[in-house]
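# Architecture and fold: a report
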Amino acid sequence: MLGYFEVACVDCKMSYISPFGKMLLSADAEGLTGVWFVGQKYFASRLQDAQDVSVLNAVDNPDASTVAHFPAVLNDFDDTASNLVNVSSNFGDASNSVVQTSSIQANATQSSAVQALRMAKRWLDEYFTGIEPTVQVPLHLVGTDFQNEVWEILQTIPYGKTITYGDIAKQIAAKRGIARMSSQAVGGAVGHNPVSIIVPCHRVVGSNGNLTGYAGGIDKKVALLTLEGLDMSAFSMPTKGTVS
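Residues numbered from 1 in each chain as written. Predicted model: local features only at pLDDT ≥ 70, side-chain atom pairs only at ≥ 80, totals over all residues. Heavy atoms only, no water.

## Here's the deal with the packing of helix α6 (residues 145–154) against helix α7 (residues 165–176)
In a packed pair of helices, the relevant descriptors are the angle between the two axes and the axis-to-axis distance. Stated formally: Fitted lines through C-alpha atoms serve as axes, helices being fitted only where they are in contact, and the angles separating the N-to-C directions of these axes extend from 0 to 180 degrees. Under the scheme used here, helices are H or I runs from DSSP no shorter than 4 residues and strands are E runs no shorter than 2 residues, and both carry numbers assigned from the N terminus. Left-handed describes a crossing whose near helix is turned anticlockwise from the far helix through less than a right angle; right-handed describes the clockwise counterpart. In this description, contact between two residues means that some pair of their heavy atoms is separated by no more than 4.5 Å. Ten residues, namely Ala, Val, Leu, Ile, Met, Phe, Trp, Tyr, Cys and Pro, are considered nonpolar, four, namely Asp, Glu, Lys and Arg, are considered charged, and the remaining ones, Gly among them, are considered polar.
Closest axis-to-axis distance for the α6/α7 pair is 10 Å, and the angle between their directions is 120 degrees. For the element pair α6 and α7, the recorded crossing hand is right-handed. Residues Phe-146, Glu-149, Val-150, Ile-153 and Leu-154 of α6 pack against Ile-168, Gln-171, Ile-172, Lys-175 and Arg-176 of α7. Residues that form the contact of α6 with α7 fall into these classes: 6 nonpolar, 1 polar and 3 charged.

Now the structure itself:
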């Protein structure tokens, strides 16, 4: 049956399978609100009422291996049956129509949140092939003024490059016209970045090349920087209290 799968949630979340582990994406009407590795520090806060639209992974990639990742979602997704509409009549005489029974077509009028999730998924698909993504993903970063100031700077770090917590602190101090800003305060804001990878907090390191920490796990940070082509021999593994 060829049909339309309608999703009109305001707050949505979607599972994503990356080469480095399972991830969760979230978005609202204003844009992407979260990208996390499952189980990481500060994982998926404020998502209690978000609607799971992971079933759209199967819609976009209708093969057995993709569908197998989301059996529970496919079974539990609210009102799935009522949203599948037989549209064979739209193709004129049914006897002359060729209808693919395994095909589901996404409704063209998706919610803004769903559109943001799909754009984020395309961005990540490109990223994990080892290239700099070209997809522009709308963001809605929810945090304090200071956190957003730090997260803005994170978005300026080029693909395949790193900066230090001290560099960010100096930029903020210069912008505010003050003598100095605490690198530790910057580290706290970097660590609470809700949109991993797309807002590249993994590109922030200590002043001595120490990899410091990463909410997704230091192994993920090493893997992401390696994927971007950095020479990891230039960096050292973290020790306690190395944000600088």
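## Here's the deal with unusual backbone geometry
Defined as follows: When accessible area is computed with a 1.4 Å probe and restricted to protein chains, residues below 20% of their type maximum are described as buried, those above 50% as exposed, and intermediate ones as partly exposed.
Even without being glycine, Ile-197 reaches a positive phi, approximately 70 degrees. Along the chain, Ile-197 falls in the loop between α8 (183–191) and β8 (204–205). Residue classification places Ile-197 among the buried positions, given a relative accessible area of 0%. Positioned with a positive phi, Thr-212 is a non-glycine residue whose angle comes to about 50 degrees. Position of Thr-212 among the secondary structure elements: in the loop between β8 and α9 (218–227).

## Looking at the pairing of strand β3 (residues 21–28)
Definition in use: Note: two strands are recorded as paired if DSSP finds a minimum of 2 bridges between them.
The element β3 is largely enclosed, with a buried count of 6 among its 8 residues. A loop of 2 residues connects strand β2 (residues 12–18) with β3, the two strands running antiparallel in sequence. One ladder, built from 6 bridges, connects β3 with strand β4 (residues 31–37); its direction is antiparallel. Considered in β4, the bridge of Leu-25 is made with Val-35. Here β3 folds back onto β4, and the loop between the two strands holds 2 residues.

## Re the nonpolar core
Selection rule: Remark: nonpolar core denotes a set of buried residues (Ala, Val, Leu, Ile, Met, Phe, Trp, Tyr, Cys) joined through side-chain atoms within 4.5 Å.
Grouped together as the largest cluster of nonpolar side chains are 47 residues, with contacts concentrated most on Leu-32, Val-150, Leu-154, Ile-168, Val-186, Val-190 and Ile-197. Contributing elements (two or more residues each) for this core: β2, β3, β4, α5 (112–127), α6, α7 and α8. With 8 residues, α5 is the single largest residue contributor to this core. Apart from residues lying up to four places away in sequence, Leu-32 is in contact with Ser-26, Ala-27, Ala-116, Leu-117, Ala-120, Val-137, Pro-138, Leu-139, His-140, Val-195 and Ile-198. Listed in part, the 6 residues of the second largest apolar core include Val-205, Leu-211, Leu-230 and Met-232.

## Topic: the packing of α6 against α8
To keep it simple, the criterion reads: Any angle that falls under 35 degrees is termed roughly parallel, while one over 145 is termed roughly antiparallel, one within 65 to 115 roughly perpendicular, and all others oblique.
It is the contact of α6 with α8, at a shortest axis distance of 9 Å, that shows an interaxial angle of 80 degrees. By the angle class used here, α6 and α8 are roughly perpendicular. On α8, the residues that touch Phe-146, Gln-147, Val-150, Trp-151 and Leu-154 of α6 are Ala-185, Val-186, Ala-189 and Val-190. Here the contact of α6 with α8 is composed, by residue class, of 8 nonpolar, 1 polar and no charged.

## Considering the pattern of salt bridges
Side-chain pairs of opposite charge can arise where the charged atoms are in close proximity. What counts is decided by this rule: What counts as a salt bridge is simple: a side-chain nitrogen of Lys or Arg found within 4 Å of a carboxyl oxygen of Asp or Glu.
Tallying each qualifying case throughout the model produces 4 salt bridges. Across the pair Lys-121 and Asp-125 runs a salt bridge whose closest N-O atoms are separated by 3.2 Å. Residue Lys-121 and its partner Asp-125 are both found in helix α5; the two are separated by 4 residues, about one turn of the helix. Judged by its relative accessible area of 10%, Lys-121 is buried. Across the salt bridge formed by Glu-149 and Arg-176, the nearest N and O atoms sit 2.7 Å from each other. Residue Glu-149 is located in helix α6, and its partner Arg-176 is located in helix α7; the two are separated by 27 residues in the primary sequence. You can call Glu-149 buried: its relative accessible area is 12%. The exposure class of Arg-176 is partly exposed, given its relative accessible area of 42%.

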